[in-house]
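Report on the structure
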Amino acid sequence: MIDFVTTLAIGTAVIMGYLSVNVLFLVWLERKVSAYIQRRLGPMEVGPQGTLQTVADMLKLLGKQLLTPIAADKAVYWLAPVMVFIPTLCLASLIPLSGAEAFADQPYGLVVIIALSGLTVIAIFMAGWASNNKYAVLGGMRSVAQVIAYEVPVLLAALSVVLIAGTMNLRGIADAQAHGGGGLPFLLLQPVAAVLYFIGITAETNRAPFDIPEAESELVGGFHTEYSGMRFALFFFAEYTNMLVLGALGATLFLGGWHGPWLPGPVWLLLKAYALVAVMMWMRWTFPRLRFDQLMSFAWKLLIPVALVNLVVTALVLAVWR
Amino acid sequence: MSLSAPDLEDPQDTYTLNMGPQHPSTHGVLRLKLTLRGERVIAVEPVIGYSHRAHEKMAETRTYAQFLPNTSRQDYLSGLIYNLAWVEAVEKLASIPVPERALVARVILAEFNRISSHLLWVGAFLADLGAVTPFLYTFDDREAIVGLLETVTGSRLTYCTGRFGGLSKDLDADFPRRAREVLVRLRARWPELEGLIEDNVIFRQRTMGVGVMTEEQCRHWGVTGPVLRASGVPYDVRKMEPYGAYPRYAFTIPTRPEGDVFARYMVRIAEMEQSCRIIEQALDGLPEGPILQEGSIGVKKRLKPPAGTLYYAVESARGAYGIVLTSEGGTEPYRAKFRTPSYANLAALQDMMPGSMVADAVAILGSLDVVMPEIDR
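Please read these numbers as outputs of a predicted model, since none were measured by experiment.

1. Some details on the overall build of chain A
Helix and strand content of chain A: 12 helices and zero strands. Starting at the N terminus, the α and β elements of chain A follow one another as α-α-α-α-α-α-α-α-α-α-α-α. Against the globule reference of 20 Å for 322 residues, chain A gives a C-alpha radius of gyration of 20 Å, in line with a compact fold. C-alpha atoms of chain A, sized along the principal axes, occupy 65 × 50 × 45 Å.

2. Topic: the overall build of chain B
Scanning chain B for helices and strands turns up 16 helices and eight strands. Here chain B has a C-alpha radius of gyration of 21 Å; the compact-globule value for 377 residues is 21 Å, and the two agree. Taken over the C-alpha atoms alone, chain B extends approximately 70 × 45 × 35 Å along its principal axes. Within chain B, the proportion of its 377 residues that are buried is 50%.

3. Some points on the domain arrangement of chain A
A common way to state how big an interface is: give the accessible area lost once the parts meet. Residue and element names in this part refer to chain A. Looking at the assigned domains, one finds that chain A contains domain 1 (1-63) and domain 2 (75-321). The straight-line distance from the C-alpha centre of domain 1 to that of domain 2 is 20 Å. The interface of domain 1 with domain 2 comprises 15 residues on the first partner and 18 residues on the second. When residues in the side of domain 1 that touches domain 2 are grouped by element, the largest group, 12 residues, is from helix α1 (residues 2-37). For the side of domain 1 that touches domain 2, the class distribution of residues is 11 nonpolar, three polar and one charged.

4. A closer look at the sheet that holds strand β2 (residues 31-37) of chain B
Residue and element names in this part refer to chain B. Across the sheet, which stays open at both edges, the three strands sit in the order β1-β2-β3 with antiparallel pairing between neighbours. Looking at strand neighbours, the two that pair on one side only are β1 (15-19) and β3 (40-47), the edges of this open sheet. Looking at each pair of strands side by side, their axes are set apart by 25° on average, direction ignored.

5. Some points on the pairing of β3(B)
Residues and elements named next belong to chain B. For β2 and β3, the ladder comprises seven bridges, and the chain directions are antiparallel. Bridging from a neighbouring strand, L34 pairs with V44 of β3. In sequence, β2 turns back onto β3 through a hairpin of two residues, with G38 there showing a positive phi of about 60°.

6. Looking at the interface of chain B and chain A
Every contact between the two is made by 24 residues of chain B and, on the other side, 23 residues of chain A. When the residues that make up the side of chain B that touches chain A are grouped by side-chain class, the tally is 14 nonpolar, six polar and four charged.

7. Brief notes about the domain arrangement of chain B
Residues and elements named next belong to chain B. Under the domain assignment, chain B is made up of domain 1 (5-47) and domain 2 (55-376). With centres defined by C-alpha atoms, the gap from domain 1 to domain 2 works out at 30 Å. Contacts between the two partners involve 15 residues from domain 1, matched on the other side by 18 residues from domain 2. Looking at the side of domain 1 that touches domain 2, the elements that each hand over two or more residues are β2 and β3. When residues in the side of domain 1 that touches domain 2 are grouped by element, the largest group, six residues, is from β3. Here the residues of the side of domain 1 that touches domain 2 sort into nine nonpolar, four polar and two charged.

8. Regarding the environment of A:E30
When you line up the elements, A:E30 lands in helix α1. Separated by 13 residues in sequence, A:E30 and A:G17 have C-alpha atoms that sit 20 Å apart.

Basis of the calculations
Residues numbered from 1 in each chain as written. Chains lettered and ligands numbered in written order. Predicted model: local features only at pLDDT ≥ 70, side-chain atom pairs only at ≥ 80, totals over all residues. Helix = DSSP H or I, 4+ residues; strand = E, 2+ residues; numbered from the N terminus. Rg over C-alpha atoms; globule rule 2.2 N^0.38 Å. Buried ≥ 20, exposed ≤ 12 C-beta atoms within 10 Å, placed from the backbone. Domains from an automatic or database assignment. Contact = placed C-beta atoms within 7 Å. Nonpolar A, V, L, I, M, F, W, Y, C, P; charged D, E, K, R; others polar. Pairing = 2+ DSSP bridges. Axes fitted to C-alpha atoms, helices over the stretch in contact; angles between N-to-C directions.

Structure (structure tokens):
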């Protein structure tokens, strides 16, 4: 029992610590990537190459007053940032870092991850609703519709991978790309699913060009318009953590997870995950935003049919081949 | 998209959303009272007047020269065109001759100002659609123009270089070379804009068929400028009622038949190229001579135009800008009335917006290129 508690405490501390550093790093990276795309320098003043800028920003957010609008639903308003934060934390523990290291190795890890990542949307809608602000409500409603629409292609894309790998265990899926499945990363066997998955997670993490729940030129701040200080920071934290976790999941599903020559497993996994995150950042600073109805018809009329066809074709090919 | 009558009548499930006066996409202090059902706009009422400074009243209490700095503060993005319009209107009223060189230099400066205004619009409009990056690039190109204009006028935003009978400063000997350099830079940019913006699928989806204005509706609201030309009407004051040195130059009026947001974008892009053509011809035929009429010492002389009224119109970056100027023979105008293009264009929102989504509302407003201080005056 003591052992279990100790493991839990250490695991939580390690994940929390790593994720905090990761968010600071990703925010810095986002600024540098956008600066590079826009021919600017980005943050340069605090620390070498501005690396400590996000630390300074975090300190500033810590010192800010936590405002609650008078008409807000106080309890829900308070709960929403906490709720958005917890599932992302759980998600991070499910990704296998290498053949031996995973904080929680579940036989149905993939299902658990997809189920948990869907939870964030409840918190986002809570935030939008409880703020009692029309822009926030619009943002919250958009978010719900969007996540429901884009979870389906993500799930279907993941299922086509599961069909080939023959397991829902994430470690098993990664292993299948090393020696099973012809030893190829599933990116090559399932290119359509990989593209669908990537589009889907971009939408799920509310990243441009699918960032309509917080479209700043339309909805000011969207669901987090009324949030300030660390409460606002928690939404930020969740967004960037989600990017990393879903990037790592993408790396596990399509890029062979921790498998790779020379470097240790966790390094490979993180490299692949950050590469996916960098592509997401690149997209954000390149494209205009889709309109809400276009976003929905894109998911329901294009992505989901393509994902279904892909799944059926995969199943048929496997049935004939095996 | 047309709305059926019950849509407008049933107040049960509609709500009002105040967009502005503090909102990222209202381009200054504009307030839009949107009546929405879900995300669909049922009705819109633009509320203006937040930056009213009584320019017209100020004109009555100042001499003609003292009013000069006010002009470029009406439309701060193409201030030079407004400044020169006032100067030219007063010149016409007082029959002040203008030297050839000044006439041509005015065309060059005004056209550069037009391009800089359009460039800024491209960036701001794309930012409205959620693409922030183009803003940085078009601002960079605009910077080249602003820097060039600064070497002649001494200002970067609120120009006050027009003088009754010419300009305050002459173009220096090196100016044509620098101007041509800027033109080369700009012309290298058009294919880039075409590849990255115009051909972008998301951009096309967001702009095509959105905010359509028919020719009929444009006439009804008195819409002018690129918005009117995007509805297929080849109306441009520079061609219809030529002023200054414009009749000498060959240029076309770009029009598009669609009347949607995309057409407005395309018209503005094409207009920038036409402005480049005008500047090139003007630089080729830049005459030597004085920049300010002998004897007319610009602002210092006490000017008393004869009694009378005139209407003088120019094509600003936003449309037809008109000045009604009445003199009773005194040192100050009896009345100055400004017909500003954004005012009419903004009013047309009430026809354009209903039936569209909230996101479209932002795109439509952005496509009009309104400058609030010019509306409020």
